[in-house]
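Each chain is listed here by its residues.
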Amino acid sequence: MAKQRVMIVGGGLAGLAAAMKLAEFGIDVDLMSLTPVKRSHSVCAQGGINSCNDLTRQQGDSEWKHFDDTVYGGDFLQHQPPVKEMAYWGPKIIDLMDRLGVTFNRTPEGFLDRRRFGGTLYKRTAFAGATTGQQLLYALDEQVRRWETSGNIKKYEFWDFLGPIVDDNGVCRGCVGQDLVTMEIRSFPADAVIVASGGAGLIYGRSTMSMACTGGAASRCYQAGVKLGNPEFVQVHPTAIPGADKLRLMSESARGEGGRVWVPTKPQDPRDPKSIPENERYYFLEARYPKYGNLVPRDIATREIFDICVNEGLSVEKDRPCVYLDLTHIPRAELNRKLGGILEIYEKFQGVDPRETPMKIFPAVHYFMGGLWVDYQKSADGGLVVGSPKNQVTNIPNLYAMGECDYQYHGANRLGANSLLSCIFSGLITAPGIQTLLQSSKGAAAELPTSFFDQAKKKHQEKHNALLKRTGGGENPYLIHQELGDVMTKAATVVRRNAQLSEAYDKVCELETKAAKAAVSDTGTWTNQNVVFTKAVIDMFPIAKAILKGALLRDESRGAHFKPDHTFASLKATEPTAKRAEAEKWCDDFEANTKQYLKSTIATYSADHPQITYEDVDTSLIPPRPRLYGLVGAETIEQVWKERSAAKVAANGNGASVPGGAKVAVGAH
Amino acid sequence: MVDHSHNGHQDSGAHGDGGHGHGHPDSFEVRVLRQAAPGQPSEWTRFRVKYESDMNVISVLQRIAAHPVTVEGKHVTPVAWDCNCLEEVCGACTMVINGRVRQSCSALVDKLLAENSEIELQPMTKFPVVRDLMVDRGRLFRALQKVEAWVPVDGYFDMGAGPKLSQSEQEQTYPLSECMSCGCCLEACPQYTKVELTQYEGESDADFAKRKQEEYDRQFIGAHAISQAMLFNMHPTGKMQAAKRLDALMEEGGLAVCGNAQNCVAVCPKHIPLTTSIGRAGRATTVRMIQKWFGK
């Protein structure tokens, strides 16, 4: 009798965490990855991993507060039970990673050192130098190698996931993969398939993501019937170093230490920036936000830099939008002491010393909050039922998704240092659910008739062969990809306008038609990266369309999704009674907006256009409240909102018992 | 196919194959040592790439992939190469660039052209070529299995925090833990020689994999694995299996093969103190040998 097996697609933090946990349960695992798993994109995370800890706890922190910060930071667009469970597992996950040998920074007494990150008042973030993601990934990679050595995990590195195998009853029974070296296509029977393939940054051309982040695996699941949740929510980081190949992060601390952002008043002034006199420089953040200057919140900085380049045409370079981030007024020694590490990164990749020459930076697509729709089983205390096979399962039974490719944890916006936690957590919570699933199912997928699996393989083989036959004269997939990236970056990143989104949607449909006719320049049957890339490009379109459609239909601003035509304005009145009346109206509008738009976007694949529906969000633990950062009249709005919340609590007698519940936080971000 | 179109750079004093001083060439030549598959002959192919600001070797290969035409005007297949993070933390994109082993993501075109008027790319020579610039570094990962480069925890249930460590211990282990398995140290090592096996006719994949592994285990393990063995022998829990790691280093292909050329530490892109690890391993294996004489 064949033994049950689980296939994991993707070997980043989520995939490896699930793999080692399943192996511990005695379940055999196959692990498929585009790259050797040690080279997965998780290595790029620098900052750290959040959890409430012994120190912060004594300063008033709690797992609940971490949960609250995450939900508030995400503008309430995530189901609360999984987020709550994650926050409560946080300290335990850091303990586990500590036991696995992660070289976390230490305090003089030998405890884990912590730093403070955005969106919280507590020092929750454990870190290992400037390479926390790499260090966490390596610890898991080492454990997986241990299980690989003992034969419990089998790795398929340099393999591409081509799609799930779904039977007539709509149940996933395995997947089809392709060896990127030999180009062999093979069916893998599996009693559960877990997709942990990360974000889809390459849809935007260049981003902060790695080259394996094509979104291909997620798209192939979506095209097989898995729903997408909140596809339009894509986080853009304000400061990245534009490179010809990718955009690399420049930490916010450069501005924190006095960095000034400016552009020459003369568009594309070709002079050496240091020779441009002060009166011909536009310090636009300082001019527009005299109070906050260069340290405006992340989303505002992102929007302003984008606006000055794209809409005002004041980019430093003509072909590549960027602004100056200038540190040259700060003494060298001080820069080395405070910012040494990050300045070295700039120097290494730009070949320019940022202590002598202003850096060129621009916002970059950084993280996908949305992704494959997954379920969960809520427990009596509002968390998750550990061991439920419903946790992290998509709408296709036995097909799971976790890590950045799911939509579960970050709502409309992700807090810094929460992604490493959500990836490891989702991996660890998926494993016991799958153990239950396997125990409750009879037999193994491998016992199904081979003809069933052969058929799935044949379908993909034919598709592949057809692609190889397309030579000469067709469209160039690399140029199509570049164009797709340009269209998406212009319309669906920082500032979104319906006219632009509609136009971009049409353009993307047009490019999709071109891509369908793309010609390959390599028709070989050995390590053919050209055809693999072409496939990935073709599969970017369904997700790109879901992003655009979701963004177009969401006429509001929430988290990373900002529509200037649909925002909540500051209060204009100054006279107290009028101001109060205006605040009442503001709160009415906010409540109406919450009612209409506090819903997850659900995209269902169809060949022409994605079908968009909406799903209610479980906000049963923490009632939604407005984010008021930077608004004029915030105090009055806060006052009105507090009174309303108190009245509601008095009326139905609940909510107040929830710690930190109906509190309006102003300026926490 | 020389592209003479301007690229927006006002100061383009040095045209053509120049690249000196402040000027940028309009385009530059790239020589790539290509090989279609294992066992096939290799040959140099020349491409001309239009100059753009802020280019690295990755973007050069991306431009070639989008337009794979040689200087002779011949349409060829795109060059195959390996890369992922492009931030020098994943270790994927190692190759030999202008004669020096390094990561191609951090190899900047401006700097390369300042040294040489053209760019020369070839695959690492110590690993079997899969295709073009892509090599099979499976042996490198096998070495990590051999030295049991992991902390042997009981399991993954919640058992509280790990052992306390001092700041100085963390400062010693963190640099070793930055090893990204890129293989630069192995390429530069005179004792590390290429192992390239081919599957016999009729040999099953499993048998071939086993034979490869056995051969890898007989050959030099390499500086990276010695350093990883020392990393885990320093960890309070890892140390509990220290003897096993030392025994692995004392087997055929182990530490004794090291010829102390010290090339490894010179080429490591992460500046890992590999020779310090090798020295430490030398002392520890000596002690271990004496222990074994006394039957411990």
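Residues numbered from 1 in each chain as written. Chains lettered and ligands numbered in written order. Predicted model: local features only at pLDDT ≥ 70, side-chain atom pairs only at ≥ 80, totals over all residues. Heavy atoms only, no water.

Participant: Now, about the overall build of chain B: what can you tell me, with residues and values included?
Facilitator: Secondary structure summary: chain B contains 10 helices and seven strands in total. Along the first, second and third principal axes, the C-alpha set of chain B runs to 75 × 55 × 40 Å. Look at the contacts in chain B between residues 6 or more apart in sequence, and 63% of them connect residues 24 or more apart. A total of about 12,900 Å² of accessible surface is found on chain B, and carbon and sulfur atoms cover 51% of it. Averaging the positions of the 31 positive and the 36 negative side-chain charges in chain B gives two centres separated by 7 Å. (Helix = DSSP H or I, 4+ residues; strand = E, 2+ residues; numbered from the N terminus. Contact = heavy atoms within 4.5 Å. Areas by Shrake-Rupley, 256 points an atom, 1.4 Å probe, with all protein chains shown as cover. Lys, Arg positive; Asp, Glu negative; His and termini not counted. Charge placed at Lys NZ, Arg CZ, Asp CG, Glu CD.)

Participant: Could you give me a rundown of the pattern of salt bridges, with the residues and numbers involved?
Facilitator: Residues and elements named next belong to chain A. All told, the structure shown has 74 salt bridges over all chains when counted by the stated rule. Linking E356 and R332 is a salt bridge whose minimum nitrogen-to-oxygen distance equals 2.7 Å. One end of the pair, E356, is in the loop between helix 10 (332–350) and strand 17 (359–368); the other, R332, is in helix 10, with 24 residues separating them in the sequence. Residues E638 and K642 are paired through a salt bridge, measuring 3.9 Å at the closest nitrogen-oxygen approach. Highlighted residues: E638 and K642, both in helix 17 (residues 634–652), separated by four residues, approximately one helical turn. On the basis of relative accessible area, E638 is assigned to the buried category, the value being 17%. Taking relative accessible area as the criterion, K642 reaches 41% and is therefore assigned partly exposed. Overlapping salt bridges bring together R580, E584, D588, E591, E643, R644 and K648 as one network. (Salt bridge = Lys/Arg side-chain N within 4 Å of Asp/Glu carboxyl O. Buried < 20%, exposed > 50% of the residue type's maximum accessible area, 1.4 Å probe, protein only.)

Participant: Break down the packing of helix 14 (residues 498–516) of chain A against helix 15 (residues 529–553) of chain A for me, with residues and values.
Facilitator: All names here are of chain A. Taken N-terminus to C-terminus, the directions of helix 14 and helix 15 make an angle of 165 degrees; their axes are 10 Å apart at the nearest point. Considering the angle they form, helix 14 stands roughly antiparallel to helix 15. As helix 14 runs across helix 15, the sense of the crossing is left-handed. For the pair helix 14 and helix 15, the contacting residues are N498, L501, S502, A504, Y505, V508, C509, L511, E512 and A515 in the first and I538, F541, P542, A544, K545, L548, K549, A551 and L552 in the second. (Axes fitted to C-alpha atoms, helices over the stretch in contact; angles between N-to-C directions. Parallel < 35°, antiparallel > 145°, perpendicular 65-115°, else oblique. Left-handed = near helix turned anticlockwise from the far one by under 90°.)

Participant: Explain the sheet that holds strand 2 (residues 42–50) of chain B residue by residue, including any values.
Facilitator: Residues and elements named next belong to chain B. Across the sheet, which stays open at both edges, the five strands sit in the order 2-1-5-3-4 with mixed pairing between neighbours. A strand with exactly one partner marks an edge of an open sheet, and here the two such strands are strand 2 and strand 4 (100–103). Pairwise comparison of adjacent strand axes, ignoring direction, gives a mean angle of 30 degrees for this sheet. Inspection of the sheet shows strand 3 (residues 94–97) paired to strand 4 by four bridges, in the antiparallel sense. In the sheet register, M95 faces strand 4, and the bridge partner there is R102. Across the sheet, helix 1 (residues 57–66) is in contact with strand 1 (27–35), strand 2, strand 3 and strand 5 (118–122); its angle to strand 2 comes to roughly 95 degrees. (Pairing = 2+ DSSP bridges.)

Participant: Before we move on, could you go through the pairing of strand 8 (residues 172–179) of chain A and cite the residues and values that matter?
Facilitator: All names here are of chain A. The buried fraction of strand 8 amounts to seven of the eight residues, a majority that puts the element mostly inside the structure. In the sheet, strand 7 (residues 159–166) pairs with strand 8 via seven bridges, with the strands oriented antiparallel. Counted as the bridge partner of P164 is C175 from strand 8. In sequence, strand 8 turns back onto strand 9 (residues 185–189) through a hairpin of five residues, with M183 there showing a positive phi of about 70 degrees.

Participant: Can you break down the confidence of the model for chain B residue by residue, with the values?
Facilitator: For chain B, the average pLDDT comes to 92, and 92% of its residues sit at 70 or higher. For this predicted complex, the interface confidence comes out at an ipTM of 0.93, alongside a pTM of 0.93. (pLDDT = per-residue confidence, 0-100.)

Participant: Any details on the nonpolar core? Residues and values, ideally.
Facilitator: Residues and elements named next belong to chain A. I49, M97 and I424 are the most contacted members of the largest nonpolar core, which totals 121 residues. Among the elements that line this core, the one with the most residues is helix 11 (residues 419–440), at 11 residues. Within the second largest apolar cluster, 101 residues are counted, among which are Y204, A218, C221 and I361. (Core = buried A, V, L, I, M, F, W, Y, C linked by side-chain atoms within 4.5 Å.)

Participant: Explain the interface of chain B and chain A to me, and be specific about the residues and the numbers.
Facilitator: Interface size is commonly expressed as the accessible surface area that is lost when the partners come together. Taken together, the contacts link 75 residues of chain B with 70 residues of chain A. Taking both partners together, chain B and chain A bury about 6,100 Å²; carbon and sulfur atoms supply 50% of that area. Per-residue buried area on chain B facing chain A is highest for B:N84, B:E87 and B:Y156; these three make up 14% of the total on that side. At the junction of chain B and chain A, the tally comes to 43 residue pairs in polar contact (both at pLDDT 80 or more). Of all the secondary-structure elements, those providing two or more residues to the side of chain B that touches chain A are helix 1, strand 6 (129–131), helix 3 (138–146), helix 4 (167–177) and helix 7 (223–234) of chain B. A total of six residues in the side of chain B that touches chain A trace back to one element, the largest contributor, which is helix 1 of chain B. For the side of chain B that touches chain A, a count of residues per class yields 41 nonpolar, 21 polar and 13 charged. (Buried area = accessible area lost by both parts, 1.4 Å probe. Polar contact = N/O pair within 3.5 Å; in protein donor to acceptor, adjacent residues only side chain to side chain. Nonpolar A, V, L, I, M, F, W, Y, C, P; charged D, E, K, R; others polar.)

Participant: Before we move on, can you summarise helix 14 of chain A with the specific residues and values?
Facilitator: Residues and elements named next belong to chain A. Counted at 1.5 Å a residue, the expected span for helix 14 with its 19 residues is 27 Å, and the 27 Å between its end C-alpha atoms agrees. Among the residues of helix 14, L501, A504, Y505, V508, C509, L511 and A515 are the ones counted as buried. Relative to the axis of helix 14, the buried residues are bounded by an arc of 170 degrees and lie together on one face. Facing away from the buried side of helix 14 by more than 90 degrees, the exposed set consists of A499, E503 and D506. (Expected span 1.5 Å × (residues − 1). Arc of directions from axis to C-beta.)

Participant: Describe the packing of helix 7 of chain B against helix 10 (residues 274–293) of chain B, and please don't skip the residues or the numbers.
Facilitator: Residues and elements named next belong to chain B. Where helix 7 contacts helix 10, the two axes come as close as 9 Å, and the packing angle between them is 65 degrees. The angle between helix 7 and helix 10 falls in the class roughly perpendicular. The chirality of how helix 7 crosses helix 10 is left-handed. Contacts between helix 7 and helix 10 involve A223, H224, I226, S227, M230 and M234 from the former and L274, S277, I278, R280 and A281 from the latter. Counted by class, the contact of helix 7 with helix 10 contains seven nonpolar, three polar and one charged residues.

Participant: Requested: an account of the pairing of strand 7 of chain A, with residues and values cited.
Facilitator: Strand 7 of chain A sits mainly inside the fold: seven of its eight residues count as buried. Here strand 7 of chain A hands over to strand 8 of chain A after five residues, with A:G170 in that stretch at a positive phi of 80 degrees.

Participant: Explain unusual backbone geometry to me, using residue names and the numbers behind them.
Facilitator: Despite not being glycine, A:N398 shows a phi value in the positive range, around 70 degrees. As for its placement among the helices and strands, A:N398 is situated in the loop between strand 18 (371–372) and strand 19 (399–401). With a relative accessible area of 12%, A:N398 lands in the buried category. Even without glycine at this site, B:N98 takes up a positive phi of about 45 degrees. Following the sequence through the fold, B:N98 ends up in the loop between strand 3 and strand 4.

Participant: Give a detailed account of the sheet that holds strand 10 (residues 192–195) of chain A, specifying residues and quantitative values.
Facilitator: The pairing of strands in a sheet happens through backbone hydrogen bonds and is either parallel or antiparallel. All names here are of chain A. What the five strands build is an open sheet, ordered 6-2-1-10-19; its pairing is parallel. Pairing within the sheet leaves two strands with one partner each, and these edge strands are strand 6 (153–157) and strand 19. If you compare each strand with its neighbour and ignore which way they point, the axes differ by 20 degrees on average. The sheet contact formed by strand 2 (residues 28–33) and strand 6 spans five bridges and is parallel. If you follow M32 over to strand 6, its bridge partner there is Y156. Where helix 1 (residues 13–24) meets the sheet, it contacts strand 1 (5–9), strand 2, strand 6 and strand 10, and its direction lies at approximately 165 degrees from that of strand 1. Contacts from helix 5 (residues 132–149) reach strand 2 and strand 6, with the element oriented near 115 degrees to strand 6.

Participant: Describe in detail the environment of A:F104, supporting the description with residues and values.
Facilitator: Residues and elements named next belong to chain A. Along the chain, F104 turns up in the loop between helix 4 (80–99) and strand 4 (114–115). According to the relative accessible area criterion, F104 is buried, its value standing at 1%. As for F104 and R114, which are separated by 10 residues in sequence, their C-alpha atoms are 9.3 Å apart.

Participant: Which residues make up the packing of aromatic side chains, and what are the values?
Facilitator: Residues and elements named next belong to chain A. Within the structure shown, the criterion is met by 22 aromatic pairs over all chains. Note on W262 and Y283: the rings are 6.2 Å apart at their centroids and 45 degrees apart in plane angle, and the pair reads as tilted. Highlighted residues: W262 in strand 14 (residues 260–264) and Y283 in the loop between strand 15 (281–282) and helix 8 (284–288), separated in sequence by 21 residues. Taking relative accessible area as the criterion, Y283 reaches 11% and is therefore assigned buried. Plain terms: the ring middles of Y409 and F425 are 5.8 Å apart, the flat faces sit at 90 degrees to each other, and that makes the pair edge-to-face. (Phe/Tyr/Trp six-rings, centres within 6.5 Å; stacked < 30°, edge-to-face > 60°.)

Participant: Hey, could you go over the environment of B:L176 for me, with residue numbers and the actual values?
Facilitator: Among the structural elements, B:L176 can be located in helix 4. With residues near it in sequence (within four places) discarded, B:L176 still touches B:S227, B:Q228, B:L231, B:M234, B:I272, B:P273 and B:S277.

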